[in-house]
Amino acid sequence: MIITHYAHRLPADYDVDIIRKRAKARGHLFDGIPELCFKAFLLRERGRFGAIANEYSSLYLWRKDDGFRDFLVDGRTKSVTDSFGRPQIETRFALDAHRGRAGEARYAYTNEQDIAPDTDLTAAFAAEIERNRERALAPDIVAAAVGVDARSWKLTRVLLSAHELDPAEAGTAYEILHLAKPLLDTLPAAHAATEERAHAFA
């Protein structure tokens, strides 16, 4: 799986209702994209969640890299580049992704952590996978994922939540304007994985 995220900083006087209407109008176009677990249309609005500027961004979780490849080559980025210019797409290889029990996702959170040079990577990745699965068990979580940038050695934690979370713990907060979720239900359920492990050790 691959996590991708790109953002567009908007002028201070930009009418963010334009972004809300764009997400509403275009959201359904992503409901049938192959190999896409979800795409979140995100907004950070100046003065909210500690944001100092308006920002529109898109967050994806791809089940297979072919889906991301096709997204790049079949012209789906044209509407973005025509409207906002060519974005810098942050790409992470997903270490883990699980569904939670919550229903509608209204907020997204991203949190980056540097991996120190002397860190045991095997142990660090195992700990992050376990942490992600535990986080997905929280009652307000729709989905949780964690990925790694193997160039800069950073971890990126992603949460989709039904309710606002503590940003000091969860990270940078976004309002979800629309969540396209073609394959979200194919992610393993965190509670099911926990129950399976409990039975294995019973």
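Look above for the structure.
A brief structural summary.

Rules behind the numbers
- Residues numbered from 1 in each chain as written.
- Predicted model: local features only at pLDDT ≥ 70, side-chain atom pairs only at ≥ 80, totals over all residues.
- Heavy atoms only, no water.
- Helix = DSSP H or I, 4+ residues; strand = E, 2+ residues; numbered from the N terminus.
- Buried < 20%, exposed > 50% of the residue type's maximum accessible area, 1.4 Å probe, protein only.
- Arc of directions from axis to C-beta.
- Contact = heavy atoms within 4.5 Å.
- Phe/Tyr/Trp six-rings, centres within 6.5 Å; stacked < 30°, edge-to-face > 60°.
- Lys NZ or Arg CZ within 6 Å of the ring centre and 35° of its normal.
- Polar contact = N/O pair within 3.5 Å; in protein donor to acceptor, adjacent residues only side chain to side chain.
- Pairing = 2+ DSSP bridges.
- Axes fitted to C-alpha atoms, helices over the stretch in contact; angles between N-to-C directions.

Let's shift gears to unusual backbone geometry. Positive phi values are uncommon outside glycine, yet Glu35 reaches one of about 65°. When you line up the elements, Glu35 lands in the loop between helix H1 (17-26) and strand E2 (36-44). Using a relative accessible area of 18% as the deciding quantity, one classes Glu35 as buried. The phi dihedral of Phe49 is positive, around 60°, even though this residue is not glycine.

Every buried residue belonging to helix H2 (residues 65-73) is among Gly67, Phe68 and Phe71, and all of these are buried. Burial along H2 is one-sided: seen end-on, the buried residues are contained in an arc of 95°. Looking at the buried residues of H2, the elements they touch are strand E1 (2-10), strand E3 (54-62) and strand E4 (90-99). Two residues or fewer after H2 comes Gly75, characterised by a positive phi angle close to 90°.

What follows is about the packing of aromatic side chains. Counting across every chain of the model gives eight aromatic pairs. Relative to Phe41, the ring of Phe30 lies with its centre 5.6 Å away and its plane at 80°, an arrangement referred to as edge-to-face. Pair noted here: Phe30 is in the loop between H1 and E2 and Phe41 is in strand E2, with a separation of 11 residues, a long-range link. Each ring, one from Tyr60 and one from Trp62, has its centre 5.5 Å from the other, and the planes form 10°; the classification is stacked. Ring-pair connections join several aromatic residues into one group, and the members of that group are Tyr6, Tyr60, Trp62, Phe68 and Phe71. Its end group placed over the ring of Phe30, Lys39 keeps NZ or CZ at 3.8 Å from the ring centre. Its end group placed over the ring of Tyr174, Arg44 keeps NZ or CZ at 5.8 Å from the ring centre.

Looking now at the environment of Ala105. As for its placement among the helices and strands, Ala105 is situated in the loop between E4 and strand E5 (107-114). With relative accessibility at 8%, the residue Ala105 sits in the buried group. Filtering out sequence-adjacent residues up to four positions away, Ala105 remains in contact with Val142, Leu160, Ser161, Ile176 and Leu179.

This next bit is on the side chain of Thr4. In this fold, Thr4 is placed in strand E1. By relative accessible area, which is 1% here, Thr4 ends up buried. Of the polar contacts made by the side chain of Thr4, one reaches the side chain of Trp62; its length is 3.1 Å. When sequence neighbours within four positions are dropped, the list of residues in contact with Thr4 reads Ser58, Leu59, Tyr60, Trp62, Phe68, Ile89, Glu90 and Thr91.

Turning our attention to the pairing of strand E8 (residues 172-180). Every regular strand shows the same layout, with side chains that alternate between the two sheet faces. In the sheet, E2 pairs with E8 via five bridges, with the strands oriented antiparallel. Directly across from Leu43, in E8, lies its bridge partner Glu175.

Further remarks concern the sheet that holds E4. Pairing in this closed barrel of eight strands is antiparallel, and the strands run E1-E3-E2-E8-E5-E7-E6-E4 around the ring. Pairs of neighbouring strands in the sheet enclose a mean axial angle of 30°, with direction left out of account. Across six bridges, the pairing between E4 and strand E6 (residues 141-149) is antiparallel. For Arg99, the partnering residue across the bridge sits in E6 and is Ala143. In this fold H1 packs onto E1, E2, E3 and E8, with an angle of close to 35° to the strand it touches most, E8. H2 contacts E1, E3 and E4 of the sheet and is inclined by roughly 135° relative to E3.

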